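Listed here are the chains, written in short residue letters.
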Amino acid sequence: MRTWLIVCALALPLTAQAQNAMVLCIEDQAASPFTYPNKDGTMQVLLKMAAKQSGVNLTFKVQAWKRCISDVQSDALSGLVNAGYTPFHASYAAFPMKPNGQPNPAQALAKMDVMVYRMKGSKVGWDGQSFSNLSKPVLMPSGFATISDRLKDLKVDFDETTKEPLRNLYKMIAGQGDAVLGFADEMQALVQGRKEIQEKVELVPQKFMTADYYAPVSKKYYSDNKEMVNAFWDAVGKIKVSKEYQDAIKDIK
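Residues numbered from 1 in each chain as written. Predicted model: local features only at pLDDT ≥ 70, side-chain atom pairs only at ≥ 80, totals over all residues. Heavy atoms only, no water.

What follows is about the overall build of the chain. For the chain, the count of helices and strands is 11 helices and 13 strands. The buried share of the chain, reckoned over its 253 residues, is 47%. A sequence separation of at least 24 residues applies to 71% of the contacts in the chain between residues at least 6 apart. With an accessible surface of roughly 13,000 Å², the chain has 52% of that area assigned to carbon and sulfur atoms. The positive charge centre, built from 31 side chains, and the negative charge centre, built from 26, are 1 Å apart in the chain. (Helix = DSSP H or I, 4+ residues; strand = E, 2+ residues; numbered from the N terminus. Buried < 20%, exposed > 50% of the residue type's maximum accessible area, 1.4 Å probe, protein only. Contact = heavy atoms within 4.5 Å. Areas by Shrake-Rupley, 256 points an atom, 1.4 Å probe, with all protein chains shown as cover. Lys, Arg positive; Asp, Glu negative; His and termini not counted. Charge placed at Lys NZ, Arg CZ, Asp CG, Glu CD.)

Below is the structure:
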């Protein structure tokens with residue numbers, strides 16, 4: 001009897017830990033400075049801090065984005081890191097929501113500006129509402145439904161066959177597109193670090209859009225762990241505005 005009690009006592013922490021397990025999927029391509037496949041970006045730091053505060057046993061799995069999505073859809077993984085709120089993602093995943101049924105930006109991992117780049121001397125324009133003088137596709141990084149949905153609404157021809165924004169810049173220089181869309185910080189770093197791009201490419205002043213990116217979980221995982229997930233998202237929102245978090249990410253590039 002005593003041996004059985006000891007075994008049960010030892011098993012309790014493991015059982016509790018298993019119940020609190022959350023496996024979030026990160027894309028195997030860097031999204032600087034937010035996520036990296038081989039080191040912590042700002043989002044990974046935030047999520048780890050939130051997990052510690054809320055008592056969640058968090059781990060990450062790195063793989064291709066399409067595989068991340070399919071594994072969350074099938075409940076092989078708990079959720080995603082760096083997903084925008086779109087009809088597609090909302091069809092299989094739960095997001096932090098406000099009482100009015102809208103996604104809660106206070107619990108987003110980050111807010112990102114998407115900018116437009118064009119060739120110097122180009123007449124291609126973007127006024128915040130519509131493009132002008134396009135004759136070739138707009139190039140965008142693959143896998144970002146928030147951007148592609150906006151382009152579809154605008155009825156603009158676009159190419160999302162390339163993941164890396166640097167390759168899209170070179171594709172535009174080679175004449176394969178009229179404009180490139182990308183995230184502000186990442187694009188600025190890419191352009192400033194390459195003279196051959198600086199000499200040929202320029203930023204359009206008006207941003208294309210601003211989008212919030214989240215750590216959603218599958219609807220089944222949320223249903224089974226609602227209290228835990230809500231506490232985790234709540235911790236994300238609180239830590240995101242803390243000095244401790246800002247100090248932790250200040251040198252991440």
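On we go from here.
Along the polypeptide, Val-116 turns up in strand E6 (residues 110–119). Distance in space between the C-alpha atoms of Val-116 and Arg-167 is 15 Å, their sequence separation being 51 residues. Residues contacting Val-116, with those up to four places away along its chain left out, are Trp-126, Phe-131, Ala-179, Val-180, Leu-181, Glu-202, Leu-203, Val-204 and Phe-208.

Let us now look at the packing of helix H2 (residues 42–54) against helix H10 (residues 226–240). It is at 8 Å that the axes of H2 and H10 come closest, and there the two elements cross at 120°. Accordingly, the angle class assigned to the pair H2 and H10 is oblique. In this structure, H2 crosses over H10, and the sense of that crossing is right-handed. Only Ala-231, Phe-232, Ala-235, Val-236, Lys-238, Ile-239 and Lys-240 of H10 make contact with H2, whose side of the interface consists of Leu-46, Leu-47, Met-49, Ala-50, Ala-51, Gln-53 and Ser-54. Per-class residue counts for the contact of H2 with H10 are 10 nonpolar, two polar and two charged. (Axes fitted to C-alpha atoms, helices over the stretch in contact; angles between N-to-C directions. Parallel < 35°, antiparallel > 145°, perpendicular 65-115°, else oblique. Left-handed = near helix turned anticlockwise from the far one by under 90°. Nonpolar A, V, L, I, M, F, W, Y, C, P; charged D, E, K, R; others polar.)

With respect to the helices and strands, the residue Lys-163 is situated in the loop between strand E10 (158–159) and helix H6 (165–173). Since its relative accessible area comes to 14%, Lys-163 is described here as buried. Sequence separation between Lys-163 and Ala-30 is 133 residues; the distance between their C-alpha atoms is 9.9 Å. Excluding anything up to four places from it in sequence, Lys-163 contacts Glu-27, Gln-29, Pro-141, Ser-142 and Phe-144. A polar side-chain atom of Lys-163 sits 3.1 Å from a polar atom in the side chain of Glu-27. (Polar contact = N/O pair within 3.5 Å; in protein donor to acceptor, adjacent residues only side chain to side chain.)

So, about the packing of aromatic side chains. Within this structure, the stated rule accounts for 10 aromatic pairs. Aromatic side chains Phe-144 and Tyr-213 sit 6.2 Å apart centroid to centroid with 80° between the ring planes, which places their arrangement in the edge-to-face category. Here Tyr-213 lies in strand E12 (residues 201–214) and Phe-144 lies in the loop between strand E9 (138–139) and helix H5 (145–154), a separation of 69 residues in the sequence. Like Tyr-213, Phe-144 is buried. Ring centres of Phe-183 and Tyr-213 lie 5.7 Å apart, and the angle between their planes is 85°; on these two criteria the pair is classed as edge-to-face. Of this pair, Phe-183 sits in strand E11 (residues 179–183) while Tyr-213 is found in strand E12, placing the two residues 30 residues apart along the sequence. Comparing Phe-183 with Tyr-213 shows no difference in burial state: the two are buried. Taken together, the ring pairs connect Tyr-85, Phe-95 and Tyr-214 into an aromatic cluster. The residue whose ring lies beneath Lys-39 is Tyr-36, and the NZ or CZ to ring-centre distance is 4.5 Å. (Phe/Tyr/Trp six-rings, centres within 6.5 Å; stacked < 30°, edge-to-face > 60°. Lys NZ or Arg CZ within 6 Å of the ring centre and 35° of its normal.)

Before going further, it helps to spend a moment on the side chain of Asn-104. Residue position: Asn-104 is located in the loop between strand E5 (93–94) and E6. Relative accessible area serves as the criterion here: at 16%, Asn-104 is assigned to the buried category. A polar side-chain atom of Asn-104 sits 3.0 Å from the main-chain amide nitrogen of Ala-106. Those residues in contact with Asn-104, other than ones at most four positions away along the chain, are Pro-96, Met-97, Lys-98 and Tyr-214.

Turning our eyes to something else, we now look at the state of the cysteines. In this structure the tally under the stated criterion is one disulfide. Disulfide pairing places Cys-25 opposite Cys-68 at an S-S distance of 2.1 Å. Every disulfide takes its handedness from the sign of the S-S torsion; for Cys-25 and Cys-68 that torsion is -65°, giving left-handed. Highlighted residues: Cys-25 in strand E1 (residues 21–27) and Cys-68 in helix H3 (residues 65–73), separated in sequence by 43 residues. We classify Cys-25 as buried; its relative accessible area is 0%. (Disulfide = S-S within 2.5 Å.)

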